[in-house]
Amino acid sequence: MKQLKEIARNKKKQMYLLLLLSVLTGAAVIAQAYYIVAIVDLIFLQGAPFQSIVSLMGVLAAVLAARAAFSYLNGRTGIKLASEVKADFRQSLLSKYRRNPVQASLKGQSGKKVSVLLDSVDEIDSYFSQYYPQMIQTSVVPLMILGAVFYYNWVSGLIMLITAPFIPLFFIIFGSAAQKKSEEQLEKLAAFSGKFLDILQGLSTLKLFGRARAQREAIRNSSLEYRDATMTVLKTAFLSSLMLEFISMLSIALIALEVGLRLVLYDQLTFFTAFFVLILAPEFYNSLKELGTAFHTGRGSTGAAAKVIEELEEKEQPVKWGNKQIEKRGAPPEIQLRNVGFSYGEGAFALKQVTGTIKPLTETAVVGRSGSGKSTLLHLLSGIAAPGEGDIVVNGETLSEYEEKSWFNELSYISQNPYLFSGTIAENIAVGVNETVTREEIERAADKAGISEMVAGLEKGYDTTVGEGGRGLSGGEKQRVALARAFLKKPSVILFDEPTAGLDLRTEQILQRSMKELAETSTVITVAHRLHTIRRADQILFLDNGLLAGRGTHDELMESVPEYRNMVAVQQGGDTG
Amino acid sequence: MKDLKIVMKLLMKERKDVFLSILFGFLAGAGAVALFANSGYLISQAAIASTLVVLTLSIALMKIFSVTRAVSRYGERYFSHRATFTKLSSLRVYFFERLEPLAPRVFNRYRSGDILARIVGDVESLQNFFLRVYYPPIVMVIVFLATITFTLFFSVYIALILAAGLFITGFLVPLLFALKQRKIQSELREMRGSLSAEAAEFFYGFRDLKLYQKLDEQEQQLGSVSNAYISEQEKNSLQALFSQSVNQMIALIISWFVLGAGAYLIAGGELDGIFLAMLVMISLTVFDTSTPMAAFPVHLEDSRRAASRLFSVVEEGESSGAEPGGGTTKHNLQEAPAVEMNNVSFSFPGEERKALKDINLHLPAGSKTAIVGPSGSGKSTLLQLLFKMYPEYEGEVRLNGRLVENLEDESIWAGINPVLQSNHFFYGTVKENLLLAKDDLSDEAMNDVLGKVKLSFSLDKQILEKGENLSGGEKQRLAIARAMLKGAKLWLLDEPTSSVDVLTERLIFDHLFEQGKDDTLVLISHRLTGLENMDKIIVMEQGRIIESGSYEDLMSRKGYFYEMKQIEKSVFA
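Residues numbered from 1 in each chain as written. Chains lettered and ligands numbered in written order. Predicted model: local features only at pLDDT ≥ 70, side-chain atom pairs only at ≥ 80, totals over all residues. Heavy atoms only, no water.

Student: Before we go on, may I ask you to explain the overall build of chain A in this structure?
Tutor: Helix and strand counts for chain A come out as 21 helices and twelve strands. When its C-alpha atoms are laid out on the principal axes, chain A stretches across 115 × 60 × 50 Å. In chain A, which comprises 577 residues, the share counted as buried stands at 55%. For chain A, contacts bridging at least 24 residues in sequence account for 78% of all contacts bridging at least 6. For chain A, the exposed surface amounts to about 24,600 Å²; the carbon and sulfur share of it is 54%. For chain A, the distance from the average position of its 61 positive side-chain charges to the average position of its 60 negative side-chain charges is 4 Å. (Helix = DSSP H or I, 4+ residues; strand = E, 2+ residues; numbered from the N terminus. Buried < 20%, exposed > 50% of the residue type's maximum accessible area, 1.4 Å probe, protein only. Contact = heavy atoms within 4.5 Å. Areas by Shrake-Rupley, 256 points an atom, 1.4 Å probe, with all protein chains shown as cover. Lys, Arg positive; Asp, Glu negative; His and termini not counted. Charge placed at Lys NZ, Arg CZ, Asp CG, Glu CD.)

Laid out in structure tokens, this is it:
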């Protein structure tokens, strides 16, 4: 809760506004009691005619309207404050994620991030829209009421002063007991609530094994056990409200007793004072109790805020860029790797000390077992992630000296699962190109990538919407869209993550043919899974457990690197055995 | 509303708890009113210095009222929550009873598992139905009626004012608010949906967005959608706050009228002045039960939505042919079936594209068949038609010469040993999960099978929900073990060992083929290796069978299978 308190405290304008509104609310509460009492006193005890209270009634109406208005404004300030804070949090999360590509996309926790960005930020709302305004109000209004009561009748004031602390005290005692109890039960509760979902998810399996009907009783029993466990927790919570209710009700009764006795037996009080105190007493205790309710809602926000802040405080590995332009020499740039290393964090997987040169227009194959660091190397070469140590040097300059845009313009990245943006197929093919392209150019690229036939078969052709909410394309079709992007862009460097398996023959053939054609005008760096790609490569970077275990052609590596020979042998052996 | 009626009917099973909730709710509400009425009366009496007897009586009453109030509140909460949770339990059972006959086909309509999580969430959110929708208005009305009746003894006019207040704060304001709120709520849901879509695009497309330099655009887009969403949320909260404040103000104004009317009547001599303080106190207190009604429509709408979503799953399932097939003939479980498909074509509900086209196949009893092909070629769909997962298709599917539509679902399912692509495991022990296959399995039998699939699990090993503490390969092997224990005569295996290494796969298959040597077996294989001994290999592409024959046939034909084999040889996984 600390961080949220900090944020709230820094919003000075809203804080003062809430304070002001609380003071005004307090004044309205007191004035309301005062005028009601004054009117009753005039009519009841002094037997005044109705005309004499008309103006008082007018003032009272104004006070009542003001009280409702203040309470609306108070809530409104909280709501606005909550909006502001939510927008701030979401914005900082977004810029955090975009600065930090490793965190955002490479760890593959996108689902969790979406939930933090949406749900956790939303949950912060109630702290600012409910708890905070209520807290300020409770720190002001009861004090003002207490002051007014003391002014008229110090004995009642004293009763209030003595009984009031019991409310927060009991709240804390019972609150923490309930908390402890619910934490004890939490595991049990989670298991029960999961049972129903578990059975539903396994219903197909249950049916195929002829076991579904028997589950009805299991659901009923676990539900009832769940109910009983929940009730145990709730009973503690209800008991705490019972105690609070007792305290406030008995305090009010005590005050009524006190003013009543002093009024009739000792004649120490006027009816006016007694009635005034009696109207204010419930307002006083209610205000204290409401804080308890608000505190509960506020607590939910705290957990959410902790999640958001944890994300924000995650260590960054930002990619730096300069402003140099890639020199156009009529040929692709030369790329050198100098002791390049990268780590996903302490104790996690790391890529270490990769060194090599990739000459223009050559084909390089990156080979290794899964988890050996192939994809990481490709990410570093693309500039999505920055090496933690060593340098990637392009045309003699460190990659980070160049302007981001200038490098990305040279590059095409064909991944195993290319991403389709929401938009038409034509837009998706043209996505990497900055200058405007004609429909003809797009169609030519699509033709080369072997996708024109498929597109022609669609009712809307190239204007068919794909991506989120649009027509789904198969894996092979997506690959071909990515190829079409490359044909249109004509990059000087192509990074290619070769599919591991599962493609149809036709896509296989197109991929092979297209890559050969693209390699004529570009440097190609492939994470290779196919023997023919590996054989064709001018140079192979063989990675083993994050280390560069060999560099050379296929024949050279077969000759000199036992692990490489071993890997190829296992592959061939897997075929026959 | 029809769906809420079901919920209400289930609720009425807990009649006693419902009654007690209302009773204690009434006592708590009335207790508070009585307490304040009494205190107003007490000091008025005190002011005119009446007898001590009246005073003592009042004081005693005051204590009774305050204790009643506090204890009743506790009772109200206790019984209302107990009724709610019991209701949720009956609701789950009721829902399950209706869903169970429709499974597993009903899930064909929903590709993602989200639907199930949503169902569970909807059941949970129906807990508000009793707590906030059903009984609070009843309590409110009874408390008001009692209060109004009480005030009738003193003044008809004041009773009328209170009745008007009940009508406005309890019904009119909530209704007006409900009308306004409905539109905002639906827009809010839409905006949340688009924010979630944009966020998903940002994360899942991060690499491509970055390289194609579209990240700024996407970030801005996401930012502006988020701001629109926040401002819609704000509008929604302000609306709720507004109607709550209006309700609060009306309650105060009503007290103002009570005060004014009381004063007027006293001045005119129609009412004794000693009751004025009491009547004002009553009015200030009684509205505590009606002002929260401003939020009533929100909860009602939520409950209605949850209920209708919940039951729509069942209703859509019933209307879309997920019901048990009409067949009554029992499938013969004793012998291995012959499998036959004649001119079968199939498309998924709601899709035009054919997932299967003109499939013809004849698998004799006891034969072993492999199906291969690229992903998305229709292999799994073909397999699923064999056990009637989709009842609507063109052509004929026959088991042992009988049309499957004439066979009873349950008997078909009893006759297969299934290992599907996703196999569910339940929270519980390995033993409990294996016992699904058959009753009365001995521990030895189970341990023996675990050994055959090379799993060194103890039978008491705890499995977490959805088997999340098992690796992909372990899950597949456990599923094979379960199928082996079932001992039916038709094996339907959908890539059963895709996450198991080649050596272990071979050992498991040896056991499996040994046990099933007389059974009919259909295996979808992700690898092209080890298929030499199959009686027949079926090659599929884009929903068609493009080749079939024995391994030697296909290899010597140098067709599609041969080409795929060549590629596989050169692929490093």
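Student: For this particular structure, what's the right way to read the overall build of chain B?
Tutor: Looking only at helices and strands, one finds 18 helices and twelve strands in chain B. The C-alpha radius of gyration computed for chain B amounts to 35 Å, which surpasses the reference 25 Å derived for 573 residues by more than 25%, pointing to a less compact arrangement than a globule. Viewed in the frame of its principal axes, chain B has a C-alpha envelope of about 115 × 60 × 45 Å. Buried residues in chain B amount to 56% of all 573 residues. Across chain B, every contact between residues at least 6 apart in sequence was considered, and the portion connecting residues at least 24 apart equals 76%. Carbon together with sulfur atoms contributes 55% to the accessible area of chain B, which is approximately 23,700 Å² in total. Taking the average location of the 60 positive side-chain charges in chain B and that of its 66 negative ones, the two points are 3 Å from each other. (Rg over C-alpha atoms; globule rule 2.2 N^0.38 Å.)

Student: Is there a simple way to explain helix H15 (residues 472–486) of chain B in this structure?
Tutor: A turn of α-helix holds 3.6 residues, and therefore any two residues three or four places apart point the same way. All names here are of chain B. Between its first and last C-alpha, H15 extends 21 Å over 15 residues, near the 21 Å set by a 1.5 Å rise per residue. Among the 15 residues in H15, twelve count as buried, and that is most of the element. Regarding H15, the residues found buried are Gly473, Gln476, Arg477, Leu478, Ala479, Ile480, Ala481, Arg482, Ala483, Met484, Leu485 and Lys486. Backbone geometry just downstream of H15 places glycine 487 in the positive-phi region, at approximately 70°. (Expected span 1.5 Å × (residues − 1).)

Student: Can you help me understand the packing of helix H3 (residues 52–99) of chain B against helix H10 (residues 296–319) of chain B in this one?
Tutor: Helices that pack against each other are described as a pair by the angle of their axes relative to one another and the distance between those axes. Residue and element names in this part refer to chain B. Between H3 and H10, the least distance of the axes is 10 Å, while the angle of their chain directions is 15°. By the angle class used here, H3 and H10 are roughly parallel. In terms of crossing hand, the pair formed by H3 and H10 is left-handed. Listed contacts from H10 to Leu91, Tyr94, Phe95, Arg98 and Leu99 of H3 are Leu310, Phe311, Val313, Val314 and Glu318. Broken down by class, the residue content of the contact of H3 with H10 amounts to eight nonpolar, no polar and two charged. (Axes fitted to C-alpha atoms, helices over the stretch in contact; angles between N-to-C directions. Parallel < 35°, antiparallel > 145°, perpendicular 65-115°, else oblique. Left-handed = near helix turned anticlockwise from the far one by under 90°. Nonpolar A, V, L, I, M, F, W, Y, C, P; charged D, E, K, R; others polar.)

Student: Where do I start with a positive patch on the surface in this structure?
Tutor: All names here are of chain A. A cluster of basic side chains, namely Lys2, Lys5, Arg9 and Lys12, defines a positive patch on the protein surface. Among the elements that make up the positive patch, the one with the highest residue count is helix H1 (residues 2–10) (three residues). Counting through the fold element by element, lysine 12 comes out in helix H2 (residues 12–45). (Patch = residues over 30% accessible without salt bridge, like charges linked within 9 Å, V, L, I, M, F, W, Y side chains within 5 Å. Salt bridge = Lys/Arg side-chain N within 4 Å of Asp/Glu carboxyl O.)

Student: Sorry if this is basic, but what is going on with the sheet that holds strand E10 (residues 520–524) of chain B here?
Tutor: Within a beta sheet, neighbouring strands are joined by backbone hydrogen bonds and run either parallel or antiparallel to one another. All names here are of chain B. Strand order in the open sheet formed by six strands is E6-E9-E10-E3-E11-E12, with mixed pairing between adjacent strands. Strands at the two margins of the open sheet, each flanked by one partner only, are strand E6 (416–419) and strand E12 (544–549). The average angle at which neighbouring strand axes cross in this sheet is 15°, direction not considered. Bridge analysis of strand E3 (residues 368–372) against strand E11 (residues 536–541) gives four bridges, and the strand direction is parallel. Looking at the pairing, isoleucine 371 lines up with isoleucine 538 of E11. (Pairing = 2+ DSSP bridges.)

Student: Sorry if this is basic, but what is going on with the interface of chain B and chain A here?
Tutor: Contacts between the two partners involve 137 residues from chain B, matched on the other side by 134 residues from chain A. When chain B packs against chain A, the two sides together hide about 12,800 Å² of surface, and 70% of this comes from carbon and sulfur. Inspection of the chain B/chain A interface yields 29 residue pairs in polar contact (both at pLDDT 80 or more). No other element matches the 27 residues that helix H8 (residues 215–267) of chain B contributes to the side of chain B that touches chain A. Of the residues belonging to the side of chain B that touches chain A, the class tally is 83 nonpolar, 24 polar and 30 charged. (Buried area = accessible area lost by both parts, 1.4 Å probe. Polar contact = N/O pair within 3.5 Å; in protein donor to acceptor, adjacent residues only side chain to side chain.)

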